[in-house]
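Chain residues, written in single-letter form:
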Amino acid sequence: MKKKGFSNRLYWKISATLFTLLLVLGGLYIVITAYVGRQYLEEANQRLYGHIADSTVAVMTPLVQGKVDTQAVQDIMHSTMVINPSVEVYLLDTLGGIITYLAPNKKIKLDRVNLAPVHQFIRNRYGRTIKGDDPRNPEDKKVFSAAPIYHKGRLEGYLYIILASEEQAAVTTPLFGSYILRLGTRSFLVILAIALIVGMVVIWLLTRGLGQITDTVRRFKEGDHQARIELKDQGDLTPLAETFNSMADTIMANIRELQSVENLRRELIANVSHDLRTPLAIMQGYIETMMIKEKDLSAEDRRRYLRIMLDSSEKLSRLVAQLFEYAKLEAKQVQVQKEPFFLAELAQDILVKYRVLADKQDISLVLEAPAGLPLVFADVALVERVIQNLLDNALKFTPEGGEVTLCLKEDEKGVEVLISDTGPGIPESEQAFIFERYRRGEAGKNKPAGAGLGLAIVKKILEIHQSAIQLRSAPNQGATFWFRLPAYKAG
């Protein structure tokens, strides 16, 4: 019911708007038709009777040396009235002054006629319609006929004939208006009916799918996130339907991503809570033991307890530092300062620091770096952090007597960094998410527990450098992590 009601209201609103627009256009059509028709009648009248003044002057001379020839004027008046009884005849001097005239009721309001239109008519009488002064009605302009009057080659004045007198206008105007009204009304009503019918059909075709679209949007808003608009027979509204469906799919993808983030957040809380609780519990236990056995503890036991508590506090500090580091990377608050440097020198410095730890675990550290490697362009501190995290991970999972290799290789795109170990390898089932934040493989032999942030930090840092971390591994065949840094191009 909501769909149908909305669709009907929209349909009738648009139809009413169309009807109003058609009425306005119809009114403009009638006004324009009346104006053009009147212009046409005036032009036809001037073209039909524009020669009257020339014909009259050709056979009669009403002015002789500036004086009126009464007999000639009477003949002119008689002739023009016979030809067209609605005309008004005026005899003008050379300056446009009215010498005498023949007009109904013998009343005029002007004693002079502007000669500019007269001259224009004489020069170009078969051009566009030309209007001149009407001595009986100064506010109006009328079509006319005019001709110069010469006597023995000398200009004596002008014969000026108004072709549509005031009396003619009084008769023809109502008739013309009635004709235009009948013609315009009939044409307008026919056109209005046709346009309205066609318009309403077109509007119906355009809006018929809006009801379904509105209902689908309402369902989606109320929680039916699987609601989609059927694209069949949507006509011109198909782009709108496709846009909504695409938007709905994007929203659902974002919701699923947010749900995934929420699940990872819960997993992080669980993992971090466990990882934080373990060193804290150890520290708390040994502190309580030292307090209880304060007088019975030997100096050697006291030093051993303090060493265990120091190791736990260091582990706790590293975990907290990792959490803050990853949070800054994820929030994009880390400022990258790229510069050219030799990667082999950085790798050598890092291995020197890790060699003591490797010797304690009876693990061999090997560096393979051929001479002539090019400079790389990256952030030195961040790249150092990546290599350290990968070495920490390799040493953590490599058994005693194993080997960890840091290998540098040049290729056409830059320098590859490979860190390999001889550990148990990573099962294929775990490789899909090993770089995800807060995820870690299952604990086992040589797999110490941890929050799993080390590899996630590596991935984030390399993403900042437009690079990616790759993995090759198989069970009982160790693991190799590798990435590439771009070579520095001077200039």
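Residues numbered from 1 in each chain as written. Predicted model: local features only at pLDDT ≥ 70, side-chain atom pairs only at ≥ 80, totals over all residues. Heavy atoms only, no water.

Asker: Any chance you could break down the nonpolar core for me, citing the residues and the numbers?
Answerer: Counting residues in hydrophobic clusters, the biggest one holds 45 residues, and the most contacted among them are L343, I387, L390, F481 and F483. The set of elements that each furnish at least two residues to this core consists of helix 8 (299-330), helix 9 (343-360), strand 10 (376-378), helix 10 (380-397), strand 11 (403-411), strand 12 (414-421), helix 12 (454-464) and strand 14 (479-486). Top contributing element to this core by residue count: helix 10, with eight residues. Once residues within four sequence positions are removed from consideration, L390 is found in contact with I419, L455, V458, I469, F481 and F483. In this structure, I52, V89, L91 and A147 belong to the second largest nonpolar core, which totals 14 residues. (Core = buried A, V, L, I, M, F, W, Y, C linked by side-chain atoms within 4.5 Å. Buried < 20%, exposed > 50% of the residue type's maximum accessible area, 1.4 Å probe, protein only. Helix = DSSP H or I, 4+ residues; strand = E, 2+ residues; numbered from the N terminus. Contact = heavy atoms within 4.5 Å.)

Asker: Mind laying out helix 8, listing which residues take part and the relevant values?
Answerer: The terminal C-alpha atoms of helix 8, which comprises 32 residues, lie 47 Å apart, in line with the 46 Å expected from a rise of 1.5 Å per residue. Where helix 8 is concerned, the buried positions are Y305, M309, S312, L316, L319, Y326 and L329. K332 sits one or two positions beyond helix 8 and adopts a positive phi of about 55 degrees. (Expected span 1.5 Å × (residues − 1).)

Asker: Please give an account of helix 2 (residues 52-59) that cites residues and values.
Answerer: Within helix 2 the residues assigned to the buried category are I52, A53, T56 and V57. Seen along its axis, helix 2 keeps its buried residues to an arc of 120 degrees; they face one direction. Set apart from the buried face of helix 2 by more than 90 degrees, the exposed residues are A58 and V59. (Arc of directions from axis to C-beta.)

Asker: Explain the side chain of N389 to me, and be specific about the residues and the numbers.
Answerer: Within the fold, N389 resides in helix 10. Assessed through its relative accessible area of 5%, N389 is described here as buried. Here N389 is in contact with G454, I457 and V458, once residues within four sequence places are set aside.

Asker: With reference to specific residues and values, describe the packing of aromatic side chains.
Answerer: Counting across every chain of the model gives seven aromatic pairs. Considering the side-chain rings of F220 and F244, the 5.8 Å spacing of their centres and the 80 degrees angle between planes classify their relative orientation as edge-to-face. Of this pair, F220 sits in helix 6 (residues 210-221) while F244 sits in helix 7 (residues 238-292), and the two are 24 residues apart along the sequence. When sorted by exposure, F220 lands in the same class as F244, which is buried. (Phe/Tyr/Trp six-rings, centres within 6.5 Å; stacked < 30°, edge-to-face > 60°.)

Asker: Tell me about the sheet that holds strand 12, and please be specific about residues and values.
Answerer: Pairing in this open sheet of five strands is mixed, and the strands run 9-11-12-14-13 from one edge to the other. Two strands close off the open sheet at either side, each with one partner strand: strand 9 (364-368) and strand 13 (470-473). Sheet twist, expressed as the average angle between the axes of neighbouring strands with direction ignored, equals 15 degrees. Bridge count for strand 11 against strand 12 is eight bridges, and the pairing is antiparallel. Counterpart to L406 in the pairing with strand 12 is I419. Those strands touched by helix 9 are strand 9, strand 11, strand 12 and strand 14, and its axis lies near 175 degrees from that of strand 9. (Pairing = 2+ DSSP bridges. Axes fitted to C-alpha atoms, helices over the stretch in contact; angles between N-to-C directions.)

Honestly, that's just the spatial picture; any functional story needs more than this.
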